[in-house]
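# Overview (structure and organization)
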Amino acid sequence: MRALVIGSGKMGRAIAADLQANGFALTVCDASAEAASALGRELKCESSAVDARSGASVIPLMTGQDVAISAVPYFLNAGLARMAVEARCHFVDLGGNEAVVKEELALDRAARKRGVCLVPDCGLAPGMVSFLVAWGIGETG
């Protein structure tokens, strides 16, 4: 599986390392070419500078990936989700804003038509917390 991690800060770095440890072929990107390159060297993976607001910058990177994970500020996520649909790339983000999540959920019909799964708001809470609670209930039920 191929994954693109958008953002190479603390969260992006952790996500990228975990994906790589689980066998994903990885590309990391960041607005800072230096930050992306440093993480790419550290993880021995592809890296690229990217403007997360620009489809011309992001869509070519998403194309051919199985999934793109956004670890950038929440206000960029709706645009990135639209780009993922266009690139036919599954998309996950860390969320952080209900209005942005609603924008992403409104893309459901277009995403389904293109065979894309959008999973917004998978940050710590309520994202990961919800998954862990559901898993825990399943284990005890």
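See the structure shown above.
Residues numbered from 1 in each chain as written. Predicted model: local features only at pLDDT ≥ 70, side-chain atom pairs only at ≥ 80, totals over all residues. Heavy atoms only, no water.

## With respect to the overall build of the protein
Scanning the protein from terminus to terminus reveals 7 helices and 6 strands. Walking the protein from its N terminus toward its C terminus, one meets helices and strands in the order β-α-β-α-β-α-β-α-β-α-α-β-α. A compact globule built from 141 residues should have a C-alpha radius of gyration of about 14 Å, and the protein, at 15 Å, falls within 12% of that. Expressed as lengths along the three principal axes of its C-alpha atoms, the size of the protein is roughly 45 × 30 × 25 Å. In the protein, buried positions account for 41% of the 141 residues. A total of about 7,800 Å² of accessible surface is found on the protein, and carbon and sulfur atoms cover 58% of it. In the protein, 13 positive and 15 negative side-chain charges are present, and the distance between their average locations comes to 5 Å. (Helix = DSSP H or I, 4+ residues; strand = E, 2+ residues; numbered from the N terminus. Rg over C-alpha atoms; globule rule 2.2 N^0.38 Å. Buried < 20%, exposed > 50% of the residue type's maximum accessible area, 1.4 Å probe, protein only. Areas by Shrake-Rupley, 256 points an atom, 1.4 Å probe, with all protein chains shown as cover. Lys, Arg positive; Asp, Glu negative; His and termini not counted. Charge placed at Lys NZ, Arg CZ, Asp CG, Glu CD.)

## As for the nonpolar core
General note: in soluble globular proteins, nonpolar side chains tend to be found buried as a group. By size, the foremost hydrophobic cluster in this structure holds 24 residues, and its most contacted members are Leu-4, Ile-6, Met-62, Ala-68, Leu-80, Phe-91 and Leu-118. If you list the elements that add at least two residues to this core, you get β1 (2-6), α3 (55-62) and α4 (77-87). Among the elements that take part in this core, α4 stands out by supplying 6 residues, more than any other. Filtering out sequence-adjacent residues up to four positions away, Phe-91 remains in contact with Met-62, Val-67, Ala-68, Ser-70, Asn-77, Leu-80, Ala-81, Ala-84, Glu-104, Cys-117, Leu-118 and Val-119. (Core = buried A, V, L, I, M, F, W, Y, C linked by side-chain atoms within 4.5 Å. Contact = heavy atoms within 4.5 Å.)

## Regarding the environment of Gly-40
As for its position among the elements, Gly-40 is in helix α2 (residues 33-43). When the C-alpha atoms of Gly-40 and Arg-53 are compared, they prove to be 21 Å apart, with 13 residues separating the residues in sequence. With sequence-adjacent residues up to four places away left out, Gly-40 is seen in contact with Val-28, Cys-45 and Ser-47.

From the geometry alone we can't say anything about function, so treat these as descriptive.
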